[in-house]
Amino acid sequence: MSIPHFRYIAPQTLEEAIGLLRMAKESGKRARVLAGGTDLMVQLRAHEITPDVVIDISGIKRLSRVDRMGNEIQIGPLVTHASLATLDLIREYAGVLSEAARTVGSPQIRNLGTLGGNIVNASPAADTIPALVILDARLALRGPEGERILPITDFFKGPYQTVIEKDELLTGVIIPLPSLNGRAVFLKLARRKAVAIARMNLACMLYYDRQKEIFEWVRLCVGSSTPKPVRMTQAEKVLVGNAYTDDVLQEAGRAAAEQMVALSGFRSSTAYKKPVVGDLVIRAVHLAVEKG
Amino acid sequence: MKNRVVGERVARIGIRDKVTGHARYAADLEIKNALVLKVFRSPVAHGRVKKVMTEKAAALEGVAGVFTAADIPGENLYGIINRDQTVLASEKVRFVGDPVALVAAETEEIAEAALKAIEAEITPLPALFDPADAMAPDAPAIHEKGNILFTRKVARGDIEKGFADSDLIIEETYETRMLEHAYLEPEAGVAYRDETGCVVLLVTTQNPHADHAQLVPILNVAPDRLRVIQTETGGGFGGKLDISVQPFLALAAYLLKRPVRMVYSREESFMASAKRHPLKIRMKTGASREGKLLAMESEITADTGAYGSYGIAVATRSAVHATGPYNVPNVSVISRAVYTNNNWCGAMRGFGVPQIAIAHESQMDKLAQRLGLDPITFRLKNAFENGSVTPTGQRLEASVGIRETLKKIRPYYQTFRKEIEANPSRRYDGVRHGVGVASMWYGIGNTGHPNPSSAQMEVDRDGVVTLYTGAADIGQGSDTVLVQIAAETLGLPYERIRLVRADTTLTTDAGATSASRQTYISGRAVQEAALEIKRILTEKAAGLLKVPANMVACEDGVFFPQFREFQKIPFEEVARAGLKKGEKIRGEGVFNPETTSLDPETGQGTPYSTYAYASQVSLVAVDEVTGQVTVKRTVSAHDVGKAVNPANVEGQIFSGVAMGIGMGLFEQFYPNKTKSFDTYLIPTAMDMPEITPIIIEVPEPTGPFGAKGVGEPALIPTAPAILNAVHDATGRWVHQIPADLETIRELISEQEGG
């Protein structure tokens, strides 16, 4: 099948790219941003999108940087999954994001696909998003009027829906350095071991105080199970201040399952996902505690 | 004398080109000024074609032709066993994707625009998607002759008495799914008319001669006005036995007198090509307290979809193999292939045997468990041996290796058991391990039908040896194996033999690359051709050496008298001796394994002249939280008669295990829903277990150097062994594939719930 015709432009600077987006918006042209292309090319081939112009930002060098700035790491949106999986800075300070990136697709997809693309495409099954949520990531968006920064959970409106404006570009992902005592786990459940879309994925970070025998703090996010990514606050509440016991874990699992159903309603997949999400939360918490 | 080429891991012919990307598949062929072909397909599952309006499409600039059924010069009908399929629908469409009109245009985009401009008036008819509905007495007829394509019965002994004598009877219904072959290379080809006007097709195919035979009546031309040449083929698995792009290419090249090319997208390949028949199998098996099988009754229903294709073969093969490789004195099987308006189903690696093996191997484990026997001991109590009589009344005379395969996997079975016991599951791990065994038998070649192969060899005055075979190498390695057999027979180095293959003008019919038959049948034909050359050359060498012919040997391209090896004459010198310019030495071989047609009422007869056997053991991990089954280890023992190329045999075993994991755990094709690999999941390298292939060689006297076949057998025991291992891990039997996340989680929950 042939892909639809469009104009292709490859700006070399951020300003140029945003200028092009603005021009497209003002003239009523449909523009699409191309980064790694692992989602865009599929949509083009299926004629799901028929843009007038494709703006290839892959040549804008400053968007592929990773920097530590004080108490934060800033990750450029063009950083690939392969880089996230291997860069020392990410592995040290955002290990759970590395783990999540390592489960994306295949080596070929990880070499092309970018963090920014994974976020902006806004698939409910995106693997990096639950990790970014529990890392309290913020997103920097740049438009003609300047930059705005918002928490990642405010970015999504629903499946494949975000608050990004037509003339805005995601320019950075900001992750505060996590407290050193936290232990994180990423679990991905898919139908096969590679090139697989998550049936469910889960990121969990917590600190269990072994002296006091209580969960000091817990952050949980389950992907592919709610319309937009959220923290599993009810399960977190069950755990915090309590001891690591079977009963507490079971209760946390139930709370997560209930929150998922409350947010997504009862769907055909719920019969499977409801019990599994609870059990996966238990497994993740257990694995995080085992890490020390 | 020791074999020098047969049994060696010689490098595959053409492998360097494939690995480096230089091999040219049909879609890689550049052909000047070629028109692009596209097909307009039915949007409805069942309907009457009232009118197909092509004028607007034909009027578009860059459209060279738009064709409908009315433009077909010959018969608008084809089908490999029963002819029921139209090239372009004339009266009816029977599934979503049935071809209605053909467009030839200068570019792909114009062709796509032309498809959009075609208007087809099709009156929808009631559509049937379940064989049970299609068999109902008042069901609308999908084909004129009714919805039951074929019924195969196999009856032996006294089934009632068999069950009456049984101490234990197990009855269950099993269901398998419609599957896609998922070959790497989608259907593709090019065609043109040569300077004589002959239509030449270069096409990916498993059987160029059958393509030719089917295309001649469609074009209504003399057989020599059409030539089919097989291009490098990227897998077939049975899916390239039926014609696909061939009639479109032939028709457009013939009518437009211009070169044409056609390449299916993955989506079109999924929509238009044959699928594996989903089977519903009720099976009842009885055994004595001592563990002897006494009776087996089965009713099998295969959904063949809109067209017959190989449906008859699947109904028959599943019936004659339904007992598994075991002595069962009383057997009653009825197997039907039924039309529906689903995608049509055809040949796919094993023709119904991978499906029926799930039933008979689950039954075996259920019986073994109830009898308190381990699965291998129980199978050994019942496995065939020389002199056993099959359910079709055939006495097995030789090459019955099933017991050897079971004995060879036994130590692995015991090791896996011990490993599991030594590593019990820890808290919150949620992983249970299990070990499963499965066996199979598989008749080599077509069922109860003659299926000859032929080959020619020639040697010229320079000693150049050429082998001509019609056998299509589709990636399984027949080129290499056939050359090995020829080289071994002649006493020549493997590299000395030139190969001409799979071209209907240059080679003769070798039959299909299917039914695991090329090594056994075409291999034997090649051996016969080589033996004829050898006889002629040996006599010439005897004359030159002045010794009796029975004293002459040839090794590594040198003739010599036995015990006087210093008196050497090079092969080419012997070949040249006495040959005039332009003369060649020729040898011809034909082999048609002995079969008889099966009795229509009882199925008695000799469906195949030989059978392959295998047993497999798999170690699996079942995640009780997610329901995910992971195959950790697989040991697969195959009696292949003789491994002409052990590396090839092992390759088949690895690929069979991969395909079986997909069949058992992941794959399900939903008609009209499954569009591509986006939702049709096949295993990746990451899903593969560690595989230990074991080759067992119980020679087949009629096979070349004792060889049988392994292509399909490699797949067959995999899914059943996995399902039996899942039972071992969870205590639950799986009666439907795929054993996916939801199925397994639910089975485990049911158990926990009580």
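Residues numbered from 1 in each chain as written. Chains lettered and ligands numbered in written order. Predicted model: local features only at pLDDT ≥ 70, side-chain atom pairs only at ≥ 80, totals over all residues. Heavy atoms only, no water.

A separate point is the overall build of chain A. Of the regular secondary structure elements, chain A holds eleven helices and 13 strands. Its C-alpha atoms give chain A a radius of gyration of 20 Å, near enough to 19 Å, the size a compact globule of 292 residues would have. In terms of its C-alpha atoms, chain A occupies a principal-axis envelope of roughly 60 × 45 × 35 Å. The proportion of buried residues among the 292 residues of chain A is 52%. Counting contacts in chain A only where the partners sit at least 6 residues apart, residues at least 24 apart contribute 61% of the total. When the accessible surface of chain A is summed, it comes to about 13,100 Å², and 50% of that surface belongs to carbon and sulfur atoms. If the 37 positive side-chain charges of chain A are averaged to one point and the 30 negative ones to another, these points end up 5 Å apart. (Helix = DSSP H or I, 4+ residues; strand = E, 2+ residues; numbered from the N terminus. Rg over C-alpha atoms; globule rule 2.2 N^0.38 Å. Buried < 20%, exposed > 50% of the residue type's maximum accessible area, 1.4 Å probe, protein only. Contact = heavy atoms within 4.5 Å. Areas by Shrake-Rupley, 256 points an atom, 1.4 Å probe, with all protein chains shown as cover. Lys, Arg positive; Asp, Glu negative; His and termini not counted. Charge placed at Lys NZ, Arg CZ, Asp CG, Glu CD.)

Helices and strands together make up the secondary structure of chain B, namely 18 helices and 28 strands. Against the compact-globule benchmark of 27 Å for 754 residues, chain B has a radius of gyration of 27 Å, which places it among compact chains. The principal-axis extents of the C-alpha atoms in chain B amount to approximately 85 × 80 × 50 Å. Counting over 754 residues, chain B shows a buried share of 62%. Here chain B has roughly 27,700 Å² of accessible surface; of this, 51% comes from carbon and sulfur atoms. Both charge centroids of chain B, one from 81 positive and one from 91 negative side chains, sit 3 Å from each other.

The geometry of an aromatic ring pair is captured by two quantities: the separation of the ring centres and the angle between the planes. All names here are of chain B. Evaluated as defined, the whole model comprises 15 aromatic pairs over all chains. Ring centres of Tyr 310 and Phe 351 lie 5.5 Å apart, and the angle between their planes is 55°; this geometry places the pair in the tilted category. Of the two residues, Tyr 310 is situated in the loop between β15 (293-305) and α9 (311-320) and Phe 351 in the loop between β17 (345-346) and α10 (353-371); the sequence distance between them amounts to 41 residues. Taking relative accessible area as the criterion, Phe 351 reaches 5% and is therefore assigned buried. Aromatic pair Tyr 520 and Phe 591: ring centres 5.5 Å apart, planes at 90°, arrangement edge-to-face. Of the two residues, Tyr 520 is situated in helix α14 (residues 518-545) and Phe 591 in strand β25 (residues 585-591); the sequence distance between them amounts to 71 residues. For the pair Tyr 520 and Phe 591, one class covers both residues: buried. Chaining the aromatic ring pairs together yields one cluster made of Phe 270, Phe 669, Phe 677 and Tyr 680. Taking the ring centre of Tyr 183 as reference, the NZ or CZ of Lys 240 above it sits at 4.5 Å. Directly above the aromatic system of Phe 669 lies the positively charged group of Lys 275, at a separation of 4.8 Å from the ring centroid. (Phe/Tyr/Trp six-rings, centres within 6.5 Å; stacked < 30°, edge-to-face > 60°. Lys NZ or Arg CZ within 6 Å of the ring centre and 35° of its normal.)

So, about the sheet that holds strand β28 (residues 690-696) of chain B. All names here are of chain B. Sheet architecture is open: four strands sit in the order β18-β26-β27-β28, paired in mixed fashion. Only two strands of the sheet have a single neighbouring strand rather than two, namely β18 (431-443) and β28. Between one strand and the next, the sheet's axes are offset by a mean angle of 15°, whatever the strand orientation. As judged from the ten bridges shared by strand β26 (residues 611-623) and strand β27 (residues 629-639), these two strands associate in the antiparallel manner. Residue pairing for β27: Gln 616 is matched across the bridge by Ser 636. (Pairing = 2+ DSSP bridges. Axes fitted to C-alpha atoms, helices over the stretch in contact; angles between N-to-C directions.)

Right, let's get into the packing of α10(B) against helix α11 (residues 375-382) of chain B. All names here are of chain B. Where α10 contacts α11, the two axes come as close as 9 Å, and the packing angle between them is 110°. Classified by the interaxial angle, the pair formed by α10 and α11 is roughly perpendicular. Residues Glu 361, Met 364, Asp 365, Leu 367, Ala 368 and Leu 371 of α10 form the contact with α11, whose own contacting residues are Pro 375, Phe 378 and Arg 379. By residue class, the composition of the contact of α10 with α11 is six nonpolar, no polar and three charged. (Parallel < 35°, antiparallel > 145°, perpendicular 65-115°, else oblique. Nonpolar A, V, L, I, M, F, W, Y, C, P; charged D, E, K, R; others polar.)

Attention shifts here to the interface of chain B and chain A. At the junction of the two partners, chain B supplies 26 residues and chain A supplies 25 residues. Here chain B meets chain A over a buried area of about 2,400 Å², counting both sides, of which 49% is carbon and sulfur. On the chain B side of the interface with chain A, the three residues burying the most area are B:Tyr428, B:Glu742 and B:Arg745, jointly 25% of the side's total. At the junction of chain B and chain A, the tally comes to five salt bridges. For B:Glu267, the salt bridge is made with A:Arg45, and the minimal N-O distance between the two is 2.7 Å. Viewed at the interface, chain A and chain B are joined by twelve residue pairs in polar contact (both at pLDDT 80 or more). Those elements that place two or more of their residues in the side of chain B that touches chain A are α3 (108-117), α8 (266-272) and α18 (741-753) of chain B. Residues belonging to the side of chain B that touches chain A are distributed by class as follows: seven nonpolar, six polar and 13 charged. (Buried area = accessible area lost by both parts, 1.4 Å probe. Salt bridge = Lys/Arg side-chain N within 4 Å of Asp/Glu carboxyl O. Polar contact = N/O pair within 3.5 Å; in protein donor to acceptor, adjacent residues only side chain to side chain.)

Residues and elements named next belong to chain B. Per the domain assignment, the segments of chain B are domain 1 (15-22 + 452-591), domain 2 (31-126 + 187-263) and domain 3 (275-385 + 413-447 + 598-753). Here the C-alpha centre of domain 3 lies 38 Å away from the C-alpha centre of domain 1. Taken residue by residue, the interface counts 19 residues in domain 1 and 25 residues in domain 3. Between domain 1 and domain 3 the total buried area reaches about 1,600 Å² when both faces are included, carbon and sulfur atoms providing 58% of it. When residues of domain 1 are sorted by the area they lose upon contact with domain 3, Ala 515, Ser 516 and Tyr 520 head the list and together hold 43% of the total. (Domains from an automatic or database assignment.)

All names here are of chain B. Their axes nearest at 10 Å, the elements α11 and helix α12 (residues 402-422) cross at an angle of 170°. Compared by their axis directions, α11 and α12 come out roughly antiparallel. Between α11 and α12, the residues in contact are Pro 375, Ile 376, Thr 377, Arg 379 and Leu 380 and Arg 403, Leu 406, Lys 407, Ile 409, Arg 410 and Tyr 413, respectively. Classifying every residue of the contact of α11 with α12 by side-chain character gives six nonpolar, one polar and four charged.

Here we take up the nonpolar core. Residues and elements named next belong to chain B. Core analysis: the biggest nonpolar cluster contains 111 residues, and Phe 351, Met 457, Leu 467 and Ile 497 have the highest contact counts within it. If you tally residues by element for this core, the top one is α14, at eleven residues. In this structure, this core is formed jointly by two domains, domain 1 (15-22 + 452-591) and domain 3 (275-385 + 413-447 + 598-753), each of which donates at least three residues. Phe 351 has contacts with Leu 241, Arg 276, Tyr 310, Ala 313, Val 314, Arg 317, Ser 318, Tyr 442, Ser 514, Ala 515 and Glu 712, leaving out every residue within four places of it along the chain. (Core = buried A, V, L, I, M, F, W, Y, C linked by side-chain atoms within 4.5 Å.)

Turning next to the pairing of strand β11 (residues 226-230) of chain B. All names here are of chain B. Most of β11 is tucked away: four of the five residues are buried. One ladder, built from five bridges, connects strand β10 (residues 199-203) with β11; its direction is parallel. Looking across to β11, one finds that Val 199 is bridged to Leu 226.

Another point: the side chain of B:Ser273. Of note, B:Ser273 is situated in the loop between α8 and β13 (275-276). In this structure the side chain of B:Ser273 is engaged in a polar contact, spanning 2.7 Å, whose partner is the backbone oxygen of B:Ser269.

In this section: empty space enclosed by the protein. Residue and element names in this part refer to chain B. Applying the stated criterion across every chain yields a total of six cavities of 30 Å³ or more. If you add up the space inside the largest cavity, you get close to 160 Å³. Taken together, 22 residues form the lining of the largest cavity, with Tyr 78, Ile 243, Ser 244, Ala 272 and Trp 344 sitting closest to its centre. Within the lining of the largest cavity, the residues separate by chemical class into twelve nonpolar, six polar and four charged. (1 Å grid on protein atoms, 1.4 Å probe; cavity = no way out; pocket = protein on both sides within 12 Å on 5 of 7 lines; lining within 4 Å. Points joined across faces, edges and corners; volume = space filled by probe spheres on them.)

This brings us to the sheet that holds strand β14 (residues 279-287) of chain B. Residue and element names in this part refer to chain B. Spatially, β7-β16-β15-β14-β8 is the arrangement adopted by the five strands of the open sheet, whose pairing is mixed. Both edges of this open sheet fall to β7 (148-156) and β8 (168-175), since each of them pairs with a single strand only. Averaged over all adjacent pairs, the angle separating strand axes in this sheet is 5°, with direction ignored. Here β14 pairs with β15 via nine bridges, running antiparallel. By the bridge assignment for β15, Lys 280 is matched with Thr 301. Most of the contacts of α9 go to β7, to which it runs at about 20°, and overall it touches β7, β14, β15 and β16 (330-339).

Okay, the side chain of B:Arg336 next. Residues and elements named next belong to chain B. Positionally, Arg 336 belongs in strand β16. Judged by its relative accessible area of 18%, Arg 336 falls in the buried class. The contacts of Arg 336, once residues within four sequence positions are left out, are Met 135, Ile 148, Phe 150, Thr 151, Glu 299, Ile 300, Thr 301, Ala 302 and Ala 315.

Another point: the environment of B:Thr674. In this structure, B:Thr674 sits in the loop between α16 (646-666) and β28. With near-sequence residues (within four places) excluded, B:Thr674 lies in contact with B:Phe270, B:Gln668, B:Phe669, B:Thr679 and B:Tyr680.

Looking now at the environment of B:Thr392. Residue and element names in this part refer to chain B. As for its position among the elements, Thr 392 is in the loop between α11 and α12. Separated by 237 residues in the primary sequence, Thr 392 and Ala 155 have C-alpha atoms spaced 7.6 Å apart. Excluding anything up to four places from it in sequence, Thr 392 contacts Val 320, Gly 603, Gln 604, Gly 605 and Pro 607.

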